Amino acid sequence: MTRAVRIGVQLQPQHAPEYGLIRDAVLRAEDAGVDVVFNWDHFYPLSGDPDGAHFECWTMLGAFAEQTERVEIGALVTGGGYRNPDLLADMARTVDHISEGRLILGLGAGWFEKDYDEYGYEFGTPGTRLALLKENMARLSARLKKLNPQPTREIPILIGGGGEKKTLRLVAEYAHMWHTFADLDSLARKNKVLAEHCAAVGTDESRIERSVQWPGIEKASALVEAGVSLFTIGVSGPGYDLSEVERAIRWRDEVNPEQVSGLA
């Protein structure tokens, strides 16, 4: 194991009729000892009542930045087609400063058609959404270099997805972190593909942190052996039950020599 294991929580901003419920969950998560607090970038619930209560991602990240002191924060992930990439770079730089260097910039191609249809974005196809993400990554990276003041650190970019030809190529070119839903066997194959992309573009593969959804304690150790170091548990409103998060934190503290914060 070359990286310390970290535990994230994704506070899904759905079914919380009052923002105070989310604010309380952020407080409880940081107090419990999580390393990262994520939300997600959707406009409608993904489960339960499809028209249930829901809050917007990036406005919320600014509030997370002010409320917290230690944890990293970010979206798992920001939809690639929802925002002008130059504006998104400026938003990320601003939240980076508000949080004093604790933002993770999570990005993906997008997939939830209702978000696009209801808010007037072109849904297109998986291919066109990936092409747009590729274009946006170049623009976002260029804008980050022009902003004044500059970010407080090189903002870690997390790219979510598992496509071996296009998404993993973008991971190799731009990302510090890669989030995938792959199982153990698929992860081993995709790791090899990612290594090939990294070699092709001249990226040090070891810089890219592997991230997956929490599979439970029984399966987590095998994923650590396969290179995963960030596990994230998703919880939904209105209750935001953190009991599984707390179990994962206890496991983390058993496998790590000491608790860490920030990119390991």
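Attention here is on the structure that accompanies the text. Remember, predicted model here, so these are calculated numbers, not experimental data.

Calculation criteria
- Residues numbered from 1 in each chain as written.
- Predicted model: local features only at pLDDT ≥ 70, side-chain atom pairs only at ≥ 80, totals over all residues.
- Heavy atoms only, no water.
- 1 Å grid on protein atoms, 1.4 Å probe; cavity = no way out; pocket = protein on both sides within 12 Å on 5 of 7 lines; lining within 4 Å.
- Points joined across faces, edges and corners; volume = space filled by probe spheres on them.
- Helix = DSSP H or I, 4+ residues; strand = E, 2+ residues; numbered from the N terminus.
- Nonpolar A, V, L, I, M, F, W, Y, C, P; charged D, E, K, R; others polar.
- Buried < 20%, exposed > 50% of the residue type's maximum accessible area, 1.4 Å probe, protein only.
- Lys, Arg positive; Asp, Glu negative; His and termini not counted.
- Salt bridge = Lys/Arg side-chain N within 4 Å of Asp/Glu carboxyl O.
- Polar contact = N/O pair within 3.5 Å; in protein donor to acceptor, adjacent residues only side chain to side chain.
- Core = buried A, V, L, I, M, F, W, Y, C linked by side-chain atoms within 4.5 Å.
- Contact = heavy atoms within 4.5 Å.
- Expected span 1.5 Å × (residues − 1).
- Arc of directions from axis to C-beta.

Overview of empty space enclosed by the protein
A complete count under the given rule lists 2 cavities of 30 Å³ or more for this structure. Approximately 50 Å³ is the volume attributed to the largest cavity. Lining the largest cavity are Thr-78, Gly-79, Gly-80, Arg-83, Leu-88, Leu-107, Leu-133, Asn-136, Met-137 and Leu-140. Secondary-structure elements contributing two or more residues to the lining of the largest cavity are strand E4 (78-79) and helix H5 (126-146). With 4 residues, the top contributor of residues to the lining of the largest cavity is H5. Among the residues making up the lining of the largest cavity, the classes are represented as 5 nonpolar, 4 polar and 1 charged. Space inside the second largest cavity adds up to approximately 30 Å³. Taken together, Gly-80, Gly-81, Ala-109, Tyr-116, Arg-129, Leu-132 and Leu-133 make up the full set of residues lining the second largest cavity.

Considering the side chain of Arg-3
Along the polypeptide, Arg-3 turns up in the segment before strand E1 (6-12). One buried charged side chain, Arg-3, makes no salt bridge at all; its nearest oppositely charged neighbour is Glu-209, positioned 4.5 Å away. From its side chain, Arg-3 meets the backbone oxygen of Ser-206 in a polar contact 2.8 Å long. Within the structure, the side chain of Arg-3 is placed 2.9 Å from the backbone oxygen of Arg-207, a separation counted as a polar contact.

What to know about the nonpolar core
If you look at the biggest cluster of nonpolar residues, it comprises 66 residues, and the most contacted ones within it are Val-9, Leu-11, Val-37, Trp-58, Phe-64 and Phe-231. Per element, the largest residue contribution to this core is 6 residues, and it comes from helix H2 (residues 57-67). For Trp-58, the residues in contact, after removing those within four places along its chain, are Thr-78, Arg-83, Leu-88, Met-91, Ala-92, Val-95, Leu-103 and Leu-105. Val-36, Leu-76, Leu-158 and Leu-230 belong to the second-largest nonpolar core, a separate cluster that totals 7 residues.

Let's talk about the side chain of Asp-35
Mapped onto the elements of the fold, Asp-35 is located in the loop between helix H1 (19-32) and strand E2 (36-39). Side chain to side chain, Asp-35 and Arg-252 meet in a polar contact 2.9 Å long.

Re H5
If you check H5, its first and last C-alpha atoms are 30 Å apart, about what 21 residues at 1.5 Å a residue would give, namely 30 Å. Within H5, the full set of buried residues consists of Arg-129, Leu-130, Leu-133, Asn-136, Met-137, Leu-140, Ser-141 and Leu-144. End-on, the buried residues of H5 take up no more than an arc of 135°, which puts them together on one face. Away from its buried face by more than 90 degrees, H5 exposes Lys-134 and Lys-146.

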